[in-house]
Amino acid sequence: DVLEKMRFTHYDAIVLNEEFGGGPPSENPVLNHIQPMPIVTRRNIFFALIGKQYTTLDNMMAFSKSANVVINQKDLSQVKNILRKSISDNDRFYKVFKETLKALGRG
């Protein structure tokens, strides 16, 4: 049901626990759908991945998981502040790039 909705609805942000669905991350259908997305689609979605083994705000781990931010489950009490900071950082990072694409008629 989630994958069907993702195919027909654009989401600005997705927050996903890597254990969604009860299985290991390698069998998570939502994660397996998001990670290989074309960059043209993916750069317009802020993707936060939650898991037990992550260090919150570890940029290299986020990059390796095709996420914008990773969050350790122990830090969920701070998720509002983490997401606020991460989304702001992401918007600032892509601002010039997206403006350039728009000016070139590609965005």
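Our subject is the structure listed above.
Keep in mind the model is a prediction, meaning the values are calculated, not measured.

(A) Region of the structure containing the layout of surface pockets. Within this model, the largest pocket holds a volume of roughly 550 Å³. Together, 22 residues line the largest pocket, and A62, A67, N68, V69 and N90 are the ones closest to its centre. Among the elements of the structure, α3 (39–42), α4 (59–64) and α5 (79–103) are those that each provide at least two residues to the lining of the largest pocket. Of all the elements, α5 adds the most residues to the lining of the largest pocket, at six residues.

(B) Just the pattern of salt bridges, in detail. Counted according to the given criterion, the structure contains six salt bridges. A salt bridge links E19 to K52, with the shortest nitrogen-to-oxygen separation between them at 3.7 Å. With E19 in the loop between β1 (13–17) and α2 (29–34) and K52 in the loop between β2 (46–51) and α4, this residue pair connects regions lying 33 residues apart in the sequence. Taking the relative accessible area as the measure of exposure, E19 reaches 34% and is therefore partly exposed. Its salt-bridge partner being K85, residue D89 comes within 2.6 Å of it at the nearest N-O pair. Separated by four residues within a single helix, D89 and K85 lie in helix α5, roughly one turn from each other. Classification of D89 by relative accessible area gives partly exposed; the value is 29%. In this structure K85 comes out as partly exposed when scored by relative accessible area, which is 46%. Via salt bridges that share partners, K85, D89 and R92 belong to a single interconnected network.

Reading guide: rules and limits
Within each chain, residue numbers correspond to sequence positions counted from 1 in written order. In keeping with the predicted nature of the model, local features appear solely for residues at pLDDT of at least 70, side-chain atom pairs appear and are counted solely at 80 or more, and the whole-chain, interface and lining totals rest on all residues. The side-chain numbers reported here are obtained from all heavy atoms of the structure, hydrogens and water having been left aside. Lining residues are defined by having an atom within 4 Å of a point belonging to a cavity or pocket. Those points lie on a 1 Å grid over the protein atoms alone, cavities being sets where a 1.4 Å probe fits but cannot get out and pockets being open sets with protein on both sides within 12 Å along at least five of seven lines. Grid points are joined across faces, edges and corners, and a volume is the space filled by probe spheres set on the points. Numbering of helices and strands runs from the N terminus; a helix is a DSSP stretch of H or I covering at least four residues, while a strand is a stretch of E covering at least two. We count a salt bridge whenever a side-chain nitrogen from Lys or Arg sits within 4 Å of a carboxyl oxygen from Asp or Glu. Type-normalised accessible area, obtained with a 1.4 Å probe on protein chains alone, sets the label of each residue: buried when under 20%, exposed when over 50%, and partly exposed for intermediate values.

Interpretation note: all reported values are geometric properties and have no functional meaning in isolation.
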